[in-house]
Every structure is written in structure tokens, then in C-alpha cells.
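Residues per chain are reported as follows:
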Amino acid sequence: MKKVLIAGTAVAAAALLAACGSGQVGGSSSDTVQNNKQLTLIPGQQAEPFYISMQCGAEAEAKKLGYQINTSAPQKFDAAMQTEKVNALGSNPPAALLIAPTDDTAMLAPIQQVANRGTKIVQVDTALKDPSVAVSSISSNNTDGGKLAAQTLADLVGSKSGSVLVLDTIAGTSTTAQRAQGFTDELKNHPNLKSVGVQFTQNEPEQAAAKVTAALASTPDLIGIFATNLNTGEGAATGLRNSGKIGQVNLVGFDASPSEVDGLRKGEYQALIAQDPAMIGQQGVDQAVAALENKPVTKTLTAPLHSITKANMDANSQYFYKQNC
């Protein structure tokens, strides 16, 4: 795994060094909005450890900088539900909105309406196809994360040959689409591994489990599964468990939720690609406050990624996601 870990660290370092452009973009600011100290975070969904960890980082940084932040999360990763949360800001918008768009196209109009009232927009984790509404966007380099997952899987299987399934979430989700694409592209560099395509799970663990069960029946040489987020990973682990294939099919998951970390320790996962959501939340607040205080703003920032296996998990425990702050 040493080779993979070095590659992942280099990717993260290069991405952070590249994030050096600055500037301010967004709607016009009214004095009322510009001078208040209220920030709002609208993550992708409730009760998800990745977004809870992001919230923890954002809350700590807001307190440090003398701002207040309120979190309002939709029940599911759903554009209609998230639009309700954005629209609820109504006639009393915050000074800045940190948001993880649940659809890269459908969320543009409601976010633009908030920006038009003078609110500074910062994208955290996911992004719109048209990012011009945001003063800054902070996320992992998801394409490189997918490549790192493929490199990790190749290292795990060695010279063995077989088929590989990719489980994505919902079409139109920028982050997971990039992970799937990066994985698929890198897999071409490993001729012993053959992709059987990408299947969508609607971000539901039950659907991911069903997709895995079906793939095991139709693809006898299935040797690996890449799950692009924690819900698909948890569902994939369930599908393997129900089929008695734990440990026989290598499961590489994205993220490091408590259940995924427990699964890695038990051998249900063979590797996890962990993000740093607390850093994303922290940097989101930093960029929002910089925009509000007329300081230089960095348009694009990239958080590091980490390849974690059972062998190195204890040394990387700082990257495990939280269930509460």
C-alpha cells in the first residue's frame, strides 16, 4: 500500500498548491446582509457522518472568527427537499450561505435567488455545473479520489484477474460522478481488471445491496466493487454479507463513516478513501468571512484524500468521520 499512499499524498499536495487563484463573485450585497454575522450551512442531508463532520469544522471556525452559523439539512439527498431549505431563508437571508448542492443543475435557480438578495455563496463538497454564483468552492478532488480507489483496488488484488462493479449514487451528483469517472479511467491502466459498468443506487443502501446481489449472480468472476459514497458502501457491504461473499470480493468504499470504519476493522471493506470534511467546513467559513470582510477570496480549494486499509487504519484515525460534534 506504500505506493498508493504516496500517490494519494502527492495528489492532495498538488491540488492544495494549485488552489491559489483569488477573486470575488456573486450577487450584489445590501448593507443589511453584508454587515450581519449570521452564516447558514445547508449540507446534503441530515444525520450523515460526512456532513456532521463538516458541520463540526464549520461551527468551530465560525466561533473562532466571531460569527454565528446555523445548519439546516434536508432529510434526504434530494433537490426538492434542499430547495425547500434554501427557500426558507426567505426575506431574512444570512450574510453567507455554505451549501452542498444536491443537483448540479436544479439547485442553480434557488441558490441564485439567495445570491440576488446579497448573500455570499460558498459551495462545500458538491458543486453546480455553473459555479459563477459562488465566491468559492471547496471540495475533495473527486476525480483523483476515484483514481486512488482504483490504484488501491489494483494493489489489493495483485496479479489476479476479474470484473469490477462501480456503484454510483444519483445521476447529476457532481462529486460521485467524478469519483466514478476517475475510477473507470484509472482501471484502464490495470488490464487484469475489467469494468462491468456503473450502476446508480439513488443513494439508498437497500438499492446498493440489491445491485450487489444481482451482480454476484450475473458476474461469477466479480473481484471488486467501488462504492462512491458511504450509503452505497454500507449497502454494498450488506449485499456481500447476505451472499456470503465478505472477503471474497474486495470492497473499496469512499468516505470513512463510523459504520464503514467498523466494517473495515471487521474485514467487510478492504479499503476506504477518506476525505477531510471538517477541513472543508472550516475552509468554507474562512472563504465566506473573507468575502464578507472584503478580503482576498480563493475561488477553488481542494481538501486532501487518504487511502486507508486495515493495516494502517489506527495511524489514520484522525480522518474517521464523526456522529456528533
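Keep in mind that what you see is a predicted model, and the values were worked out from it rather than measured.

Calculation notes
- Residues numbered from 1 in each chain as written.
- Predicted model: local features only at pLDDT ≥ 70, side-chain atom pairs only at ≥ 80, totals over all residues.
- Heavy atoms only, no water.
- Core = buried A, V, L, I, M, F, W, Y, C linked by side-chain atoms within 4.5 Å.
- Buried < 20%, exposed > 50% of the residue type's maximum accessible area, 1.4 Å probe, protein only.
- Helix = DSSP H or I, 4+ residues; strand = E, 2+ residues; numbered from the N terminus.
- Contact = heavy atoms within 4.5 Å.
- Pairing = 2+ DSSP bridges.
- Axes fitted to C-alpha atoms, helices over the stretch in contact; angles between N-to-C directions.
- Phe/Tyr/Trp six-rings, centres within 6.5 Å; stacked < 30°, edge-to-face > 60°.
- Lys NZ or Arg CZ within 6 Å of the ring centre and 35° of its normal.
- Arc of directions from axis to C-beta.

## Comments concerning the nonpolar core
- Core analysis: the largest hydrophobic core is formed by 53 residues, its most contacted members being Leu39, Val124, Ile225, Leu251 and Val285.
- In terms of residues, this core owes the most to one element, helix 11 (residues 277-292), which gives seven residues.
- If you look at the next biggest cluster of nonpolar residues, it comprises 19 residues, including Leu148, Ala154, Ile273 and Leu305.

## Things to note about the side chain of Asn203
- The residue Asn203 is located in the loop between strand 7 (193-200) and helix 8 (205-218) in this model.
- Aside from chain neighbours lying at most four places away, what touches Asn203 is Gln45, Phe77, Thr169, Ile170, Asn229 and Asn231.

## Things to note about the sheet that holds strand 2 (residues 68-71)
- In space, the six strands of this open sheet follow the order 2-1-3-4-5-11, with parallel pairing throughout. A single partner strand is all that each edge strand has here, and the edge strands are strand 2 and strand 11 (300-303). Averaged over all adjacent pairs, the angle separating strand axes in this sheet is 20 degrees, with direction ignored.
- Note: strand 1 (residues 38-42) against strand 2, four bridges, orientation parallel.

## So, the packing of aromatic side chains
- Inspection of every chain in the model, using the stated rule, returns four aromatic pairs.
- Measuring from centroid to centroid gives 5.7 Å for Phe50 and Tyr321, while their planes differ by 65 degrees, and the two rings are edge-to-face. Here Tyr321 lies in the segment after strand 12 (306-308) and Phe50 lies in helix 3 (residues 49-65), a separation of 271 residues in the sequence. In terms of burial, Phe50 and Tyr321 fall into one category: buried.
- Ring geometry for Phe183 versus Phe226: centroids 4.6 Å apart, planes at 15 degrees, classification stacked. With Phe183 in helix 7 (residues 174-187) and Phe226 in strand 8 (residues 222-227), the pair connects residues that are 43 residues apart, well separated along the chain. Like Phe183, the residue Phe226 is buried in the burial classification.
- Grouping aromatic residues by their ring pairs yields a cluster made of Phe50, Tyr51 and Tyr321.
- The aromatic ring of Phe254 is capped on one face by Arg179, whose charged end is 4.0 Å from the ring centroid.

## A few points about helix 10 (residues 258-266)
- Buried within helix 10 are the following residues: Glu260, Val261, Gly263 and Leu264. Around the axis of helix 10, the buried residues are gathered within 160 degrees of arc, so they sit on the same side.
- At the exit of helix 10 stands Gly267, carrying a positive phi of roughly 90 degrees.

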